[in-house]
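Next come the chains, spelled out residue by residue.
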Amino acid sequence: MVTPTTIRTVDLRSDTVTKPTESMRSAMANAEVDDDVLGNDPTALRLEKEVAEIAGKEAAMFVPSGTMGNLISVLVHCDERGSEVILGDDSHIHIYENGGISSLGGVHPRTVKNEEDGTMEIGAIEAAVRSPKGDLHHPVTKLICLETTQANCGGRCLPVEYIDIVGELAKKHGLKLHIDGARIFNASVALGVPVKRIVQAADSVSICLSKGIGAPVGSVIVGSKEFITKARWLRKTLGGGMRQIGVLCAAALVALHENVAKLEDDHKKARNLAEGLNRIERLRVNVAAVETNIIYVDIPEDPKFGAEEACKSLEDVGVLVIPQATFRIRIVLHHQISDVDVEYVLSCFEKTF
């Protein structure tokens, strides 16, 4: 066991903190590039083609961030100001993306409660739909958004059958379905189901490259050719049109080819860490809910030593985590965390609590 007296840094704040690997740096240095705004960057085109094939969609487009990917997707589907999107009350789009769909797109969010497993109750989704033939006072629903894995619910994977049902519901009401697939590769590995099958019912998907699979920058959105054509106009409007982006896309291709296979090990380490933390008397972890790489740790409700104070104490011994709530800490595993790191984190938590 590595003890807390051995100071090291273990960064578990997010899977976005990974550093580019040597193979990524080499690929970036040697990337074949051109002007992507003019549509000529060969490495970007190769990445987009590959991700579209993985997702089983007609076309794809690289964007600087998942937030921009989700924003563009919502705005393509909700192309009239005052349109309404149904989404989870604990979803990333609703909580962590600066309200961009409203402030920039004039889109009205209609939230439905996220259950503990990340789903929204089907009946509640249908009850939230507002038709253009309905009450004149209401906005008109145009889109449903799902998130898998669902981060605020602990990295839970939405069942494929559930996504299919939501897709059928969307079609029934003439709506589109967008999936925030920031950690879709984690979901694919955990479920043992190809990405294209998970998102089969979706009209668009935002796939983050800088979370689970560890690329330094970027996301890709996928959908029909018509969808991506409209998305390119919006990307330019939002300032997301970049020039020699093959430098970034080269690293993303390495991430796709080398790091997806590492996710199963990330999930195993997360379960081992969750089980170890749950054995510490003063801590509670819902181990059964740890399906991928995210862990939520509930700490004693001591008003003098909440999550912020606990995170500061852990930082002093090199363990970087973030408070999720007053008495809850979030931990996210990634491919640059070793078994020795997990042992060290456990020893630091034991000393802190």
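Right above here is the structure, for reference.
Asks: I'd like a description of the overall build of the chain, backed by residues and values.
Replies: Tallying secondary structure elements over the chain gives 14 helices and twelve strands in all. Its C-alpha atoms give the chain principal-axis dimensions of roughly 60 × 55 × 35 Å. Out of the 353 residues belonging to the chain, those deemed buried represent 54%. By sequence separation, contacts in the chain at least 24 residues apart represent 73% of the contacts at least 6 residues apart. Accessible surface for the chain amounts to roughly 15,400 Å². Of this, 50% is attributable to carbon and sulfur atoms. Charged side chains in the chain number 39 positive and 49 negative. The centres of these two groups are separated by 2 Å.

Asks: How would you summarise the packing of aromatic side chains if you had to cite specific residues and measurements?
Replies: The relative placement of two aromatic rings is captured by the distance of their centres and the angle of their planes. Within this structure, the stated rule accounts for two aromatic pairs. Ring centres of Phe305 and Phe353 lie 6.0 Å apart, and the angle between their planes is 70 degrees; on these two criteria the pair is classed as edge-to-face. Taken as a pair, Phe305 in the loop between strand S9 (294-298) and helix H13 (307-316) and Phe353 in the segment after helix H14 (339-352) lie far apart in primary sequence, 48 residues in all. Here Phe305 falls in the partly exposed class, since its relative accessible area comes to 22%. With a relative accessible area of 13%, Phe353 lands in the buried category. One aromatic cluster in this structure is built from Phe305, Phe349 and Phe353.

Asks: Residue-level account of the sheet that holds strand S7 (residues 204-208), with values.
Replies: If you trace the seven strands from one edge of the open sheet to the other, you get S2-S8-S7-S6-S5-S3-S4, paired in mixed fashion. Looking along the sheet, the strands with just one partner apiece sit at the ends: strand S2 (59-63) and strand S4 (108-112). Each strand axis lies, on average, 20 degrees off the axis of its neighbour in the sheet, ignoring direction. In this fold helix H2 (residues 42-55) packs onto S2, S7 and strand S8 (219-223), with an angle of close to 125 degrees to the strand it touches most, S2.

Asks: Quick rundown of the pattern of salt bridges? Include the residues and the values.
Replies: Applying the stated criterion to the full structure yields 19 salt bridges. One salt bridge connects Lys49 with Glu53, and the closest N-O pair in it is separated by 2.7 Å. Taken together, the positions of Lys49 and Glu53, both in helix H2 and four residues apart, correspond to about one turn of that helix. Among the residues examined, Lys49 registers a relative accessible area of 53% and is labelled exposed. One network of salt bridges, with partners in common, ties together Asp79, Glu80 and Lys142.

Asks: Quick rundown of the nonpolar core? Include the residues and the values.
Replies: Ranked by internal contacts, the top residues of the largest apolar core, which has 52 residues, are Leu47, Leu146 and Val199. For this core, the element with the most residues is helix H11 (residues 246-258), which contributes eight residues. Leave out the neighbours within four places in its chain, and Leu146 touches Met120, Leu158, Tyr162, Ile163, Val166, Leu177, His178, Ile179 and Asp180. In terms of nonpolar packing, the next biggest core, distinct from the first, is built from 31 residues, Val10, Leu12, Cys311 and Phe353 among them.

Asks: Mind laying out the packing of H2 against H11, listing which residues take part and the relevant values?
Replies: Where H2 meets H11, the closest approach of the two axes is 8 Å, and the angle between their N-to-C directions is 35 degrees. H11 is crossed by H2, and the crossing has left-handed handedness. Between H2 and H11, the residues in contact are Thr43, Ala44, Arg46, Leu47, Glu50, Val51 and Ile54 and Gly246, Cys249, Ala250, Ala252, Leu253, Leu256 and His257, respectively.

Asks: Lay out the sheet that holds strand S12 (residues 328-332) in plain terms, naming residues and giving numbers.
Replies: The strand order S9-S12-S11 describes an open sheet built from three strands, whose pairing is antiparallel. Each edge of the open sheet carries a strand with a single partner, namely S9 and strand S11 (322-325). Neighbour to neighbour, the strand axes of the sheet diverge by 35 degrees on average, direction disregarded. Of the strand pairs in this sheet, S11 and S12 are connected by three bridges, and their pairing is antiparallel. If you follow Pro323 over to S12, its bridge partner there is Ile329. Packed on one face of the sheet, helix H12 (residues 263-278) meets S9 and S12 and runs near 10 degrees to S9.

Asks: So what about empty space enclosed by the protein? Which residues, and what values?
Replies: Within this structure, the stated rule accounts for one cavity of 30 Å³ or more. Taken as a whole, the largest cavity spans an internal volume of roughly 100 Å³. Along its surface, the largest cavity is lined by 15 residues, and Gly88, Ser91, Cys145, Leu146 and Glu147 are the ones closest to its centre. Among the secondary structure elements, those contributing two or more residues to the lining of the largest cavity are strand S3 (84-88), helix H4 (92-95) and strand S5 (141-147). In terms of residue count, the dominant contributor to the lining of the largest cavity is S5 (three residues). Class assignment for the residues of the lining of the largest cavity results in six nonpolar, seven polar and two charged.

Asks: Could you give an account of the layout of surface pockets, with specific residues and numbers?
Replies: When its volume is computed, the largest pocket comes out at roughly 340 Å³. The wall of the largest pocket is formed by 19 residues, among which Asn152, Cys153, Gly154, Tyr296 and Arg328 lie closest to the centre. No other element matches the four residues that S9 contributes to the lining of the largest pocket. Of the residues that constitute the lining of the largest pocket, the class distribution is eight nonpolar, five polar and six charged. Of the pockets and cavities examined, the second largest pocket occupies roughly 290 Å³. Elements with a contribution of two residues or more to the lining of the second largest pocket: helix H3 (66-77), S7 and S11.

Analysis parameters
Residues numbered from 1 in each chain as written. Predicted model: local features only at pLDDT ≥ 70, side-chain atom pairs only at ≥ 80, totals over all residues. Heavy atoms only, no water. Helix = DSSP H or I, 4+ residues; strand = E, 2+ residues; numbered from the N terminus. Buried < 20%, exposed > 50% of the residue type's maximum accessible area, 1.4 Å probe, protein only. Contact = heavy atoms within 4.5 Å. Areas by Shrake-Rupley, 256 points an atom, 1.4 Å probe, with all protein chains shown as cover. Lys, Arg positive; Asp, Glu negative; His and termini not counted. Charge placed at Lys NZ, Arg CZ, Asp CG, Glu CD. Phe/Tyr/Trp six-rings, centres within 6.5 Å; stacked < 30°, edge-to-face > 60°. Pairing = 2+ DSSP bridges. Axes fitted to C-alpha atoms, helices over the stretch in contact; angles between N-to-C directions. Salt bridge = Lys/Arg side-chain N within 4 Å of Asp/Glu carboxyl O. Core = buried A, V, L, I, M, F, W, Y, C linked by side-chain atoms within 4.5 Å. Left-handed = near helix turned anticlockwise from the far one by under 90°. 1 Å grid on protein atoms, 1.4 Å probe; cavity = no way out; pocket = protein on both sides within 12 Å on 5 of 7 lines; lining within 4 Å. Points joined across faces, edges and corners; volume = space filled by probe spheres on them. Nonpolar A, V, L, I, M, F, W, Y, C, P; charged D, E, K, R; others polar.

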